[in-house]
Amino acid sequence: MIHLKSAAEIERIRASCRIAAEAMDLVGGAIAPGVTTARLDRIADDHIRRRGGIASAKGYRGYPGSICVSVNEEVVHGIPGRRRLQAGDILSVDIAVRKDGYHGDMNVSFAVGEVDPEACDLMETTRQGMEAGLEATIAGARLGDVGHRIQRLVEGRGYSVVRDYCGHGIGRAFHEEPQLLHFGEPNQGRRLEPGTVLTVEPMVNAGAPEVRVLDDQWTAVTVDGSLSSQFEHTVAITDDGPDVLSRFDDLAF
Ligand code: MF3
Ligand code: CO
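Residues numbered from 1 in each chain as written. Chains lettered and ligands numbered in written order. Predicted model: local features only at pLDDT ≥ 70, side-chain atom pairs only at ≥ 80, totals over all residues. Heavy atoms only, no water.

*Asks:* What should I look at first to understand the coordination of the cobalt ion (ligand 2) in this one?
*Replies:* By definition of the ideal shapes, a tetrahedral metal site with four donors has angles of 109.5 degrees and an octahedral site with six donors has angles of 90 or 180 degrees. Taken together, the protein donors to the cobalt ion (ligand 2) comprise Asp105 (OD), His168 (NE2), Glu201 (OE) and Glu232 (OE), at separations of 2.1 to 2.4 Å. In the primary structure, the donors to the cobalt ion (ligand 2) are separated according to the pattern D-x62-H-x32-E-x30-E. Taken together, the residues span a long stretch of sequence, with His168 in strand 7 (residues 167–169) and Glu201 in the loop between strand 9 (197–200) and strand 10 (203–205) at a distance of 33 residues. As far as the burial class goes, His168 and Glu201 line up, both buried. (Donors = N, O, S within 2.8 Å, 3.2 Å for Na, K, Ca; no water. Helix = DSSP H or I, 4+ residues; strand = E, 2+ residues; numbered from the N terminus. Buried < 20%, exposed > 50% of the residue type's maximum accessible area, 1.4 Å probe, protein only.)

*Asks:* So what exactly am I meant to see when it comes to helix 4 (residues 143–156) here?
*Replies:* Working note: α-helix, 3.6 residues per turn, so residues spaced by three or four point in the same direction. End to end, helix 4 covers 20 Å across 14 residues, agreeing with the expected 20 Å (1.5 Å per residue, within 8%). Among the structural elements, helix 3 (117–135), strand 6 (160–161), strand 8 (176–180), strand 9 and strand 10 are those in contact with the buried residues of helix 4. Residue Gly158 follows helix 4 closely and has a positive phi angle near 85°. (Expected span 1.5 Å × (residues − 1). Contact = heavy atoms within 4.5 Å.)

*Asks:* I'm lost on empty space enclosed by the protein in this one. Help?
*Replies:* Any empty space left between atoms is shown by rolling a water-sized probe over those atoms. The tally for this structure, following the rule as stated, stands at 1 cavity of 30 Å³ or more. Approximately 30 Å³ is the volume attributed to the largest cavity. In this structure, the largest cavity is lined by Cys68, Ser70, Val75, Val76, His77, Ser92, Asp94, Asn107 and Gln230. Of all elements in the fold, only strand 2 (68–71), strand 3 (74–76) and strand 4 (90–99) reach the threshold of two or more residues within the lining of the largest cavity. Here the lining of the largest cavity is composed, by residue class, of 3 nonpolar, 5 polar and 1 charged. (1 Å grid on protein atoms, 1.4 Å probe; cavity = no way out; pocket = protein on both sides within 12 Å on 5 of 7 lines; lining within 4 Å. Points joined across faces, edges and corners; volume = space filled by probe spheres on them. Nonpolar A, V, L, I, M, F, W, Y, C, P; charged D, E, K, R; others polar.)

*Asks:* Teacher, can you tell me more about the layout of surface pockets here?
*Replies:* In this structure, the largest pocket encloses a volume near 520 Å³. Along the wall of the largest pocket there are 23 residues; nearest its centre are Tyr60, His77, Tyr165, His168 and His175. Every element with two or more residues in the lining of the largest pocket is listed here: strand 4, strand 7 and strand 8. Looking at the lining of the largest pocket element by element, the count peaks at 3 residues for strand 4. In the lining of the largest pocket, the residues fall into 12 nonpolar, 6 polar and 5 charged.

*Asks:* Whenever I open this one, the site of ligand 1 confuses me. Can you help?
*Replies:* Taken together, 13 residues surround ligand 1, and among them His77, Asp94, Asp105, His168 and His175 come closest. Within the side chain of His77, a nitrogen or oxygen atom sits 3.2 Å from an oxygen atom of ligand 1. At 3.0 Å, a side-chain N or O of His168 approaches an oxygen atom of ligand 1. Here ligand 1 has 330 Å² of accessible area as a free molecule, and 94% of this is covered by the chains. At a threshold of 2 Å from the grid points, most atoms of ligand 1 map onto the largest pocket. Considering only residue class, the shell around ligand 1 consists of 6 nonpolar, 3 polar and 4 charged. (Near = heavy atom within 4 Å. Polar contact = N/O pair within 3.5 Å; in protein donor to acceptor, adjacent residues only side chain to side chain. Areas by Shrake-Rupley, 256 points an atom, 1.4 Å probe, with all protein chains shown as cover. Sits in = over half its atoms within 2 Å of the grid points.)

*Asks:* Any chance you could explain the side chain of His168 here in plain terms?
*Replies:* Overall, the relative accessible area of 6% leaves His168 in the buried class. Engagement of the side chain of His168 in a polar contact is seen with the backbone oxygen of Phe174, the distance being 3.1 Å. Those residues within four positions of His168 in sequence are excluded, and the remaining contacts are Asp105, Phe174, His175, Glu176, Pro178, Leu180, Val197, Leu198, Thr199, Glu201 and Glu232.

*Asks:* It is not clear to me how the packing of aromatic side chains should be interpreted in this structure. Could you clarify?
*Replies:* Within this structure, the stated rule accounts for 3 aromatic pairs. Look at Tyr60 and Phe174: their rings are 5.1 Å apart centre to centre, the planes differ by 75°, and that puts the pair in the edge-to-face class. Pair noted here: Tyr60 is in the loop between strand 1 (54–55) and strand 2 and Phe174 is in the loop between strand 7 and strand 8, with a separation of 114 residues, a long-range link. You can call Phe174 buried: its relative accessible area is 11%. Here Tyr63 and Trp218 contribute two aromatic rings whose centre-to-centre distance is 4.9 Å and whose plane-to-plane angle is 80°, an arrangement assigned as edge-to-face. Here Tyr63 is found in the loop between strand 1 and strand 2, whereas its partner Trp218 is found in the loop between strand 11 (211–213) and strand 12 (220–222), with 155 residues between them in sequence. For the cation-ring pair, Arg18 lies above Phe248, with the distance from its terminal atom to the ring centre recorded as 5.0 Å. (Phe/Tyr/Trp six-rings, centres within 6.5 Å; stacked < 30°, edge-to-face > 60°. Lys NZ or Arg CZ within 6 Å of the ring centre and 35° of its normal.)

*Asks:* Would you take a moment to explain the pairing of strand 9 for this structure?
*Replies:* A regular strand carries its side chains on alternate faces of the sheet. A two-sided burial pattern is seen for strand 9, the buried positions comprising Val197 and Thr199 on one face and Leu198 and Val200 on the other. Note: strand 9 against strand 14 (residues 233–238), 4 bridges, orientation antiparallel. The residue bridging Thr199 from the neighbouring strand is Thr234, located in strand 14. (Pairing = 2+ DSSP bridges.)

*Asks:* Sorry, what's going on with the sheet that holds strand 6 here?
*Replies:* Overall, antiparallel pairing links the 3 strands, which are arranged 6-10-13 in an open sheet. Two strands in the sheet have a free side with no partner beyond their single neighbour: strand 6 and strand 13 (228–230). Inspection of the sheet shows strand 10 paired to strand 13 by 3 bridges, in the antiparallel sense. The residue bridging Asn205 from the neighbouring strand is Ser228, located in strand 13.

The following block contains the structure:
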């Protein structure tokens, strides 16, 4: 069952997204060669708690971090730790926050110093894939339409869409119905109704789409060792079109 949100609930989700976006801004400013991923986790968690929220990921199914930091061939759910970023790395930072009973979720990919043009192109394509998906989240459209738009854009540039992780409804629960696959066929799947709030969060690999999970039980990496990137926003379906709840005029994302 999809919980349709009232306007007041949507504003609560936006308020949680605001804290996540502020934390993302601080993390983005701290990314540099030599910085550990644990430091980024600390910066985000400090800000979230200062603003009266809690990191949604912390303790979620036993997850040990407050945020996820996935470097290079890591696809998703990288656990922050002692690893030091190096010039030329790319990383995705996933920050989700709960405040006043509602979650907000976002993810941004960043470059560390100068990176290869191929890595830049992968990140830019992933961002455009997310944008294409967000544009398709309109009342009356179907989930398959959204996935198809993302897949078409990404595969048209010669990259692949990860199949094993999806976007999700969000609200009182971190993960709710519906599941949004980032690939699919037009005119398939459920119709989107006003009041639906979900995440669009494609993971895009430079090589093959297959991933495997490391022994830490969380970190997913590309099987072929190719680079991976991700972007995510939380969006509400409204009568006036997509309302991207984790995007703010004064922040870059
Ligand atoms: N935003 C990610 C997701 O929706 C982060 C999950 S947090 C984790 O899957 F605890 F599951 F890692
Ligand atoms: Co998510």
